[in-house]
Amino acid sequence: MVQEFVCNSLGRPFIEAPPFNLGKAFVDSHCCAPLIFILSPGSDPMAALLKFGDEQGYSGNKLTSLSLGQGQGPIAMRLIETGLKEGTWVVLQNCHLATSWMSTLERVCEELNPDTTHPDFRLWLTSYPSATFPVSVLQNGVKMTNEAPKGLRANIARSFLMDPISDPEFFSSSSKPAVFKALMYGLCFFHALTQERRKFGPIGWNIPYEFNETDLRISVQQLHMFLEQYQTVPFEAIHYMTGECNYGGRVTDDWDRRTLRTILSIFYTAKVIEDPNYKFDPSGLYYAPPEGDYQSYIDYTKALPLNPSPEIFGMNANADITKDQTETQLLFDSIILTQSRSSGGDGKSADDMVYDVAADVLSKLPADFNIEASMRRFPTSYTQSMNTVLVQEMGRFNKLLRAIRESCINIRKAIKGLVVMSAELEEVVNGILKGRIPVLWMKKSYPSLKPLGSYVKDFLERLHFLQDWYDNGTPAVFWMSGFFFTQAFLTGGQQNYARKHTIPIDLLGFDFEVLEDHEYRQAPDDGVYIRGLYLDGARWDRKTKLIAESYPKVLHDPMPPMWLKPVKRQDQSKRMCYLSPVYKTSERRGTLSTTGHSTNYVIAMTLNTDMPAEHWIKRGVALLCQLSS
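Summary of the structure given here.

What counts, and where the lines are drawn
- Residues numbered from 1 in each chain as written.
- Predicted model: local features only at pLDDT ≥ 70, side-chain atom pairs only at ≥ 80, totals over all residues.
- Heavy atoms only, no water.
- 1 Å grid on protein atoms, 1.4 Å probe; cavity = no way out; pocket = protein on both sides within 12 Å on 5 of 7 lines; lining within 4 Å.
- Points joined across faces, edges and corners; volume = space filled by probe spheres on them.
- Helix = DSSP H or I, 4+ residues; strand = E, 2+ residues; numbered from the N terminus.
- Nonpolar A, V, L, I, M, F, W, Y, C, P; charged D, E, K, R; others polar.
- Buried < 20%, exposed > 50% of the residue type's maximum accessible area, 1.4 Å probe, protein only.
- Pairing = 2+ DSSP bridges.
- Axes fitted to C-alpha atoms, helices over the stretch in contact; angles between N-to-C directions.
- Contact = heavy atoms within 4.5 Å.
- Core = buried A, V, L, I, M, F, W, Y, C linked by side-chain atoms within 4.5 Å.
- Salt bridge = Lys/Arg side-chain N within 4 Å of Asp/Glu carboxyl O.
- Left-handed = near helix turned anticlockwise from the far one by under 90°.
- Polar contact = N/O pair within 3.5 Å; in protein donor to acceptor, adjacent residues only side chain to side chain.
- Phe/Tyr/Trp six-rings, centres within 6.5 Å; stacked < 30°, edge-to-face > 60°.

### Some words on empty space enclosed by the protein
Point 1. For the structure on display, the rule yields six cavities of 30 Å³ or more.
Point 2. In this model, the largest cavity occupies a volume close to 110 Å³.
Point 3. Lining the largest cavity are 18 residues, with N206, W255, T259, R588 and G620 positioned closest to its centre.
Point 4. Listed by contribution, the elements that provide at least two residues to the lining of the largest cavity are helix 12 (254-267) and strand 14 (577-583).
Point 5. At four residues, the largest contribution of residues to the lining of the largest cavity is made by helix 12.
Point 6. Within the lining of the largest cavity, the residues separate by chemical class into ten nonpolar, four polar and four charged.

Written out as structure tokens, the structure is:
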């Protein structure tokens, strides 16, 4: 729909990426105009640039490159000074990482003069889009980008056009040609899958990694080397080098590493070589083509479906809905950035709207929790750690409660002209107008991706949960999503068990049992009952008590109450199950906090299944404490 609109308004060239041509871009340049590569995830122009330099006679000492970063500025200056005199090419990579040096770069580019600069000198720059990159350099330079192709088919085809795979000598140099070509095709397929999974958002990868051609190039060369050195195929070695070092070296999240290993095992397996009917997915459309010449692999790739089904990625049909929602959200967020602040159609000014919202939020906020009264009623107890959990949670929520209350009071005063509208308050106003959680609140808040209205409602429910606990005593079923710091609650559950049975707490883990959908009024003798989790990427079958495929167009399934039973790790029951990570929000990624915990990841829970765990790993199945709506 959007493509059609752009095509009709501006023309087809604006929706079709032109083929990347370094030669044409070079012709447009001169010694005083830098050539700028605008980087995108999955693309690395260095190999293409080195090859082009070789063709133009610029290699060895005539082409010098430097990756910018801390302390690299003076070295870069020396390279540029040498290049200006001798007419060499200078490549400065990753300008976005050297923010403090960008003003110097701007000055250097402004001072370039045709009279004092060698005519053969060229300054090549690579950078991700960055607010600190000098605008004048951008305006005067020749700008290029080489985005990774979109779509599985285009990605595999591009890999085959890449050096060294496109080199006829390398392609046919293996002493085990059938094995090498089958595994190499599988590797190109794997490379395409790792890049294409990014479009599914957190279900694909928790963190959108920038796997690029360099990873594929070194993996192909290692595959060739290992096949030449060993009589049999050393699957363990190539699996480790590709999955743990080349691609795995970029992966910083343990659950993403598990996904990467699982996907790689589809392609690096003896079945690819031994079973002529082995397929990469249940549809049977994707497989390693039989041994042939280079062109036969290109022809097979071009015959693949243009729009692959989510099944090849290990996903179900709902994943496409998630992908489309993510892309639509990004589009609307970008449009909102361009929107000016104007009054609504009902004649209300922006200030009136903000004033009313602030007044509405203030009217709903309860008084702060009385920490001293809570400590008297729920004193620190050796046998009941949950008392401490309650008091600590009240303290955390009080800080957020005060931040919201004070900002709403001050906004109303600022609109009336009684106090100055500070930058912080201005940001809160913008948040309210856009229906988003203000940054001032988020600094004191638990993680949340909800819009403003839903966030306030959720916040009030959490306060009510704690107030109910204070008024009526420790609940039989805890709302796990309602905690500010969930790990403290889980540790409290284990601590109670450890003290009751005199077992060291560091020997304990949890066993997990999904209960019936009932209301429980009595707490268990050991462990805790919890509620409030959602299953993302699958559903919980109430009849079979197993994970099952999601219903069409139902993205999240509310989980029944669960029983977290502390047990010794050595006594945990071994059964067919899927180890599912639990996250606070659907974003899944977090940062490491000062407590040593991720700000998003909570715990891993075992869920019973009658299918191999790899099936659910590829689907990106996880439990969420809250939804984004």
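### Regarding the layout of surface pockets
Point 1. The space that makes up the second largest pocket amounts to roughly 520 Å³.
Point 2. Taken together, 16 residues make up the lining of the second largest pocket; nearest its centre are F20, A48, K51, L161 and M162.
Point 3. A total of five residues in the lining of the second largest pocket trace back to one element, the largest contributor, which is helix 3 (residues 46-55).
Point 4. For the lining of the second largest pocket, a count of residues per class yields seven nonpolar, two polar and seven charged.

### Some thoughts on unusual backbone geometry
Point 1. Cis geometry is adopted by the peptide bond preceding P164, which originates at D163 and carries an omega value of 10°.
Point 2. Inspection of the secondary structure assignment puts P164 in the loop between helix 7 (152-160) and helix 8 (168-171).
Point 3. Residue R588 is not a glycine yet carries a positive backbone phi of 70°.
Point 4. Exposure remark for R588: the relative accessible area of 4% places this residue in the buried category.

### Looking at the sheet that holds strand 7 (residues 508-514)
Point 1. The four strands are arranged 6-8-13-7 in an open sheet whose pairing can be described as mixed. Each having just a single partner strand, strand 6 (477-479) and strand 7 make up the two edges of the open sheet. Within this sheet the neighbouring strands show an average axis-to-axis angle of 35°, counted without direction.
Point 2. Inspection of the sheet shows strand 8 (residues 528-531) paired to strand 13 (residues 562-568) by three bridges, in the antiparallel sense. Bridge pairing links V528 to L564 in strand 13.
Point 3. Contacting strand 6 and strand 8, helix 21 (residues 452-472) runs over the sheet at an angle of about 150° to strand 6.
Point 4. Of the strands in this sheet, strand 6, strand 7, strand 8 and strand 13 touch helix 22 (residues 486-500), which is tilted by about 105° from strand 7.

### Re the nonpolar core
Point 1. Grouped together as the largest cluster of nonpolar side chains are 66 residues, with contacts concentrated most on W469, L533, M562 and M605.
Point 2. Of the residues forming this core, the biggest block, eleven residues, is contributed by helix 18 (residues 386-416).
Point 3. With sequence-adjacent residues up to four places away left out, M605 is seen in contact with M480, F512, I530, L533, M562, L564, Y578, L579, S580, V582 and L623.
Point 4. Core analysis: the second largest hydrophobic core is formed by 54 residues, L152, F180, L227 and F267 among them.

### Some words on the pattern of salt bridges
Point 1. Considering all chains together, one arrives at 24 salt bridges under this definition.
Point 2. Salt-bridge contacts for R402 lead to D368; the nearest nitrogen and oxygen are separated by 2.9 Å. In this pair, R402 is assigned in helix 18 and D368 in the loop between helix 16 (350-364) and helix 17 (371-377), connecting sequence segments 34 residues apart.
Point 3. You can call R402 partly exposed: its relative accessible area is 36%.
Point 4. Each of E244, R257 and R261 takes part in a single network of salt bridges with overlapping partners.

### Section: the packing of helix 18 against helix 21
Point 1. Across the interface, helix 18 lies against helix 21 with an axial gap of 11 Å and an inter-helix angle of 145°. The element helix 18 and its partner helix 21 pack so that their crossing is left-handed. For the pair formed by helix 18 and helix 21, the contact residues are M386, V389, L390, E393, M394, F397, L400, L401 and I404 on the first element and Y455, F459, R462, L463, L466, W469 and Y470 on the second.
Point 2. When the residues that make up the contact of helix 18 with helix 21 are grouped by side-chain class, the tally is 14 nonpolar, no polar and two charged.

### Overview of the environment of N94
Point 1. Relative to the assigned elements, N94 resides in the loop between strand 3 (89-93) and helix 5 (102-110).
Point 2. Apart from residues lying up to four places away in sequence, N94 is in contact with L39, S67, L68 and T126.
Point 3. Of the polar contacts made by the side chain of N94, one reaches the side chain of S67; its length is 3.2 Å.

### Here we look at the sheet that holds strand 12 (residues 556-558)
Point 1. The sheet built from five strands is open, its strands ordered 12-9-16-14-15 with mixed pairing. Here the strands that pair on one side only, and so sit at the sheet edges, are strand 12 and strand 15 (601-608). Sheet twist, expressed as the average angle between the axes of neighbouring strands with direction ignored, equals 30°.
Point 2. The pairing of strand 9 (residues 534-536) with strand 12 spans three bridges and is classified as antiparallel. Note that in strand 12 the partner of Y534 across the bridge is P558.
Point 3. The strands that helix 12 touches are strand 14 and strand 15; relative to strand 14, the one it contacts most, it runs at about 140°.

### Considering the packing of aromatic side chains
Point 1. Scanning the model with the defined rule gives 50 aromatic pairs in all.
Point 2. Ring centres of F26 and W124 lie 6.2 Å apart, and the angle between their planes is 5°; on these two criteria the pair is classed as stacked. Taken together, the residues span a long stretch of sequence, with F26 in helix 2 (residues 22-27) and W124 in strand 4 (residues 122-127) at a distance of 98 residues.
Point 3. Judged by relative accessible area, which is 17%, F26 ranks as buried.
Point 4. Ring geometry for Y185 against F189: centres 6.4 Å apart, planes inclined by 55°, an arrangement best described as tilted. With Y185 and F189 both in helix 9 (residues 177-196) and four residues apart, the pair spans about one turn of that helix.
Point 5. Taking the relative accessible area as the measure of exposure, Y185 reaches 0% and is therefore buried.

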